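Here's the letter readout for the chains.
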Amino acid sequence: MTASVHATAAQTDTTTPQRTAATRSHDQLWLVSCRAVSYNRHDDDLDELKYTVHRAATGWTVTNQAEYFEPSPPASTTCVLVLGNGYSAAETRSLGQTAYRRLTAGLPPQSAVRFVIWSWPSDHIDAGPIKDVRAKTARTPHVAYCLARWLDKAPASGRLLLLG
């Protein structure tokens, strides 16, 4: 991500959940969180993911895996944003919304984008930088495996782009 995305997101009020995020009628804006995944049973990891979708009329709404996996329009592009280390859930959502708006600003209105913000437990740990790095080093292989399995299971319609 560019510094301008970080600067803009830092100025965004993350305490306002009704902030307009998805403004284009053909788009879908999703937040998929693996922050609550236990990672002790790899075969069940995907069932523990939390799904939230942004709808223009109602804002963010908790939903489920089945709704996410409904096929998107064939011509749509799915973009999955995975941020690096050190972001809280609120910061991840805020930066994701900023990235979505910047990505779609120059697109033709008839193009469809399914933008997914992947939220993983990357918050800083207040026990010092060494313990923070060790915690992320232990967690990252499980998170990456969960993301890979989720991407493999996701419906394959249109293009898939990974952003980070």
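All values derive from a computational prediction rather than experimental measurement.

1. Quick word on the nonpolar core
If you look at soluble globular proteins, the nonpolar side chains tend to sit buried side by side. With 20 residues, the main nonpolar core has Leu49, Tyr51, Trp118 and Trp150 as its most contacted residues. Of all the secondary structure elements, the ones that give two or more residues to this core are β1 (28-33), β2 (50-55), β5 (113-119) and α4 (129-153). Among all residues touching Trp118, those that are not within four sequence positions of it are Val32, Cys34, Leu49, Val80, Leu81, Val82, Thr92, Val143, Cys146, Leu147 and Trp150. By size, the runner-up hydrophobic cluster in this structure holds 13 residues, among which are Leu29, Cys79, Leu83 and Phe115.

2. Things to note about the sheet that holds strand β4 (residues 77-82)
Working definition: the strands of a sheet are paired by backbone hydrogen bonds and lie parallel or antiparallel to each other. Read from one edge of the open sheet, six strands run β3-β2-β1-β5-β4-β6, paired in mixed fashion. Edge positions in the sheet fall to β3 (59-63) and β6 (159-163), since each has one partner strand and no second. This sheet shows a mean twist of 20° between the axes of neighbouring strands, independent of strand direction. Pairing of β4 with β5 involves six bridges; the strand directions are parallel. Each bridged residue has a counterpart across the sheet, and for Thr78 the counterpart in β5 is Arg114. Contacting β1, β3, β4 and β5, helix α3 (residues 89-104) crosses the sheet at an angle of about 155° to β5. In the packing of α4 onto the sheet, contacts are made with β1, β2, β4, β5 and β6, and the angle to β5 comes to roughly 155°.

3. Topic: the packing of aromatic side chains
Here the structure, examined in full by the defined rule, presents six aromatic pairs. Geometrically, the ring pair formed by Trp118 and Trp150 is tilted, given 5.3 Å between the ring centres and 45° between the ring planes. With a gap of 32 residues between them, Trp118 in strand β5 and Trp150 in helix α4 connect regions that are remote in the sequence. Take Trp118: its relative accessible area is 1%, and that puts it in the buried class. Residue class for Trp150 comes out buried when judged on its relative accessible area of 0%. A connected cluster of aromatic rings, assembled from ring pairs, spans Trp30, Tyr51, Tyr68, Phe69, Trp118 and Trp150. Its end group placed over the ring of Tyr68, Arg114 keeps NZ or CZ at 4.4 Å from the ring centre.

4. A closer look at the pattern of salt bridges
Inspection of every chain in the model, using the stated rule, returns four salt bridges. Ionic pairing is found between Arg24 and Asp27, a salt bridge with its closest N-O pair at 2.5 Å. Residue class for Arg24 comes out buried when judged on its relative accessible area of 13%. In this structure, the salt-bridge partner of Arg55 is Glu67, at a minimum N-O distance of 2.2 Å. Here Glu67 lies in helix α2 (residues 65-68) and Arg55 lies in strand β2, a separation of twelve residues in the sequence.

5. Description of the confidence of the model for the protein chain
Averaged over every residue, the pLDDT of the protein chain is 82; residues scoring 70 or more account for 82%. Note that residues 1-19 has pLDDT below 50 and, in this model, 29 contacts with residues that lie over four places away or in other chains.

6. Things to note about α3
With 16 residues, α3 ought to run about 22 Å at 1.5 Å a step, and its terminal C-alpha atoms sit 22 Å apart, in line with that. Among all positions in α3, only Thr92, Ser94, Leu95, Gly96, Gln97, Thr98, Ala99, Tyr100 and Thr104 are buried.

What counts, and at which threshold
- Residues numbered from 1 in each chain as written.
- Predicted model: local features only at pLDDT ≥ 70, side-chain atom pairs only at ≥ 80, totals over all residues.
- Heavy atoms only, no water.
- Core = buried A, V, L, I, M, F, W, Y, C linked by side-chain atoms within 4.5 Å.
- Buried < 20%, exposed > 50% of the residue type's maximum accessible area, 1.4 Å probe, protein only.
- Helix = DSSP H or I, 4+ residues; strand = E, 2+ residues; numbered from the N terminus.
- Contact = heavy atoms within 4.5 Å.
- Pairing = 2+ DSSP bridges.
- Axes fitted to C-alpha atoms, helices over the stretch in contact; angles between N-to-C directions.
- Phe/Tyr/Trp six-rings, centres within 6.5 Å; stacked < 30°, edge-to-face > 60°.
- Lys NZ or Arg CZ within 6 Å of the ring centre and 35° of its normal.
- Salt bridge = Lys/Arg side-chain N within 4 Å of Asp/Glu carboxyl O.
- pLDDT = per-residue confidence, 0-100.
- Expected span 1.5 Å × (residues − 1).

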